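If you want the building blocks of each chain, they are given just below.
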Amino acid sequence: MNILILGGAGFLGCNLVRRCLKDEGHTIRVVDALDPRLKSTTDNLAEVMDRIDFIQGSLCDRALMDKVVADADVIFNCAAQTSHPLSLSDPFFDVEMNCVGNLCLLESVKEKNRTAKVIYTSSSTIIGKALNEVVDETHGEAPLDIYSANKGVAEKYYRIYHTLYDLKTLSLRFANLYGPYGKGYPEFGFINYFIELARTDQDITIYGDGRQNRNVMYVEDAADLLYESVKHDNVFGNVYFAVHREHYSVKKIAEEIVNVFGTGRIRQVEWPDVRKRIEIDDVVISAARLFYDMQFEPKHTLREGLQKTKEVYNQ
Ligand SMILES: NC(=O)c1ccc[n+]([C@@H]2O[C@H](COP(=O)([O-])OP(=O)(O)OC[C@H]3O[C@@H](n4cnc5c(N)ncnc54)[C@H](O)[C@@H]3O)[C@@H](O)[C@H]2O)c1
């Protein structure tokens, strides 16, 4: 297959590149903007660079998108502005990356290659605060920050292009991925940040009591899920939650990290005001619909995922 991975220098994208390379016979092209504001470099791809075709460029570049989508059998879109705080301090940048970029991509696919399968990596945070004990795809959307709002908007683009133009689109809503090549900065996913603090033997600061539940998923399971989704025609045209059954409190996740890495310590602090305002509180999500439709479940427990992450860092 000709596989195009957008945002392939990022955390999920570079793990997906490695997943695709495990099977023989694929041609893999990666496009990533490497925007300094998103703290992405090609370091994540260093040892696989000679096995892929890497292009530095943006989804917002229509000419580039026209060119790269034309011969792709599968397009995985892992490209996004992924910082919730940055989406608030620079909302227009978020619109450019998370709305305009997706529209450019879809227009190019519509014009140049309608048979390609296009998989969009969405986010569970588009729902805002959970109103039900267990959340599924019937839950409404009341996002609390610009990133989450724009991820939800882009999902609609994918559905519209499927309905209107028969594009084979699929949106998978991920949540709280962790593992190798994660960004260890506070503005990106909290689990990778906690891992970075633990492995460098620093304090892990938890806001409030840390009792709020989160689904967690090891990034290799997410990459597997994306890769396997291509084989299931029945899932295209849909939006699914793509989360692990496992969920733990933020405090428990931090404790597991400290246990597995054997370094770092937990400290509880008061909520910063902005963080409290965009906090989604307790949320437990079910991905039962996706697992039923794909006959697929993530494999790694939190402990196993953390142990594998530690092994990669030790190497
Ligand atoms: N990591 C998670 O826990 C998580 C949770 C929910 C959803 N997601 C979604 O998964 C996808 C990947 O997230 P991630 O954690 O790997 O983020 P990341 O920030 O590590 O990677 C995103 C990559 O996209 C690139 N990019 C951004 N805008 C671009 C553009 N316009 N053109 C080309 N490249 C661009 C960035 O340079 C970066 O390398 C995103 O769509 C994100 O919304 C991730």
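Report on the accompanying structure.

Definitions and limits used
Residues numbered from 1 in each chain as written. Predicted model: local features only at pLDDT ≥ 70, side-chain atom pairs only at ≥ 80, totals over all residues. Heavy atoms only, no water. Salt bridge = Lys/Arg side-chain N within 4 Å of Asp/Glu carboxyl O. Helix = DSSP H or I, 4+ residues; strand = E, 2+ residues; numbered from the N terminus. Buried < 20%, exposed > 50% of the residue type's maximum accessible area, 1.4 Å probe, protein only. Core = buried A, V, L, I, M, F, W, Y, C linked by side-chain atoms within 4.5 Å. Contact = heavy atoms within 4.5 Å. Near = heavy atom within 4 Å. Polar contact = N/O pair within 3.5 Å; in protein donor to acceptor, adjacent residues only side chain to side chain. Areas by Shrake-Rupley, 256 points an atom, 1.4 Å probe, with all protein chains shown as cover. Nonpolar A, V, L, I, M, F, W, Y, C, P; charged D, E, K, R; others polar.

**Re the pattern of salt bridges**
Turning to step 1, where the next piece is worked out: Taken as a whole and judged by the stated rule, the model has 27 salt bridges.
Turning to step 2, where the next piece is worked out: A salt bridge links R37 to D90, with the nearest nitrogen and oxygen atoms 3.9 Å apart. Taken as a pair, R37 in the loop between β2 (27-32) and β3 (53-56) and D90 in the loop between α3 (84-89) and α4 (91-112) lie far apart in primary sequence, 53 residues in all.
Turning to step 3, where the next piece is worked out: Judged by relative accessible area, R37 falls into the partly exposed class, the value being 43%.
Turning to step 4, where the next piece is worked out: One salt bridge connects K251 with E255, and the closest N-O pair in it is separated by 3.6 Å. On the criterion of helical spacing, the pair formed by K251 and E255 is a turn pair, its members being four residues apart in helix α8 (residues 250-261).
Turning to step 5, where the next piece is worked out: Residue class for K251 comes out partly exposed when judged on its relative accessible area of 29%.

**A closer look at the nonpolar core**
Turning to step 1, where the next piece is worked out: One finds I5, F76, I119, L172, F174, L225 and L226 to be the most contacted residues of the largest nonpolar core, which totals 50 residues.
Turning to step 2, where the next piece is worked out: Mapped by element, the contributors of at least two residues to this core are β1 (2-6), α1 (11-22), β2, β4 (74-77), β6 (168-174), α7 (219-229), β11 (239-241) and α10 (288-294).
Turning to step 3, where the next piece is worked out: Looking at this core element by element, the count peaks at seven residues for α1.
Turning to step 4, where the next piece is worked out: Excluding residues that lie within four positions of it along the chain, L172 makes contacts with I119, Y120, T121, S122, L225, L226, Y240, A242 and L290.

**Section: the site of the ligand**
Turning to step 1, where the next piece is worked out: Close contacts around the ligand come from 27 residues, with D32, S40, T82, Y147 and K183 the closest.
Turning to step 2, where the next piece is worked out: A distance of 2.9 Å separates an oxygen atom of the ligand from a polar backbone atom of F11.
Turning to step 3, where the next piece is worked out: Between the ligand and the protein, one listed contact pairs an oxygen atom with a side-chain N or O atom of T82 at 2.6 Å.
Turning to step 4, where the next piece is worked out: Summarising the interface, the protein chains cover 95% of the accessible area of the ligand, which totals 830 Å² for the free molecule.
Turning to step 5, where the next piece is worked out: If you list the elements that add at least two residues to the shell around the ligand, you get α1, β5 (117-123) and α5 (146-165).
Turning to step 6, where the next piece is worked out: The element that contributes the greatest number of residues to the shell around the ligand is β5, accounting for three residues.
Turning to step 7, where the next piece is worked out: Of the residues that constitute the shell around the ligand, the class distribution is 14 nonpolar, 10 polar and three charged.

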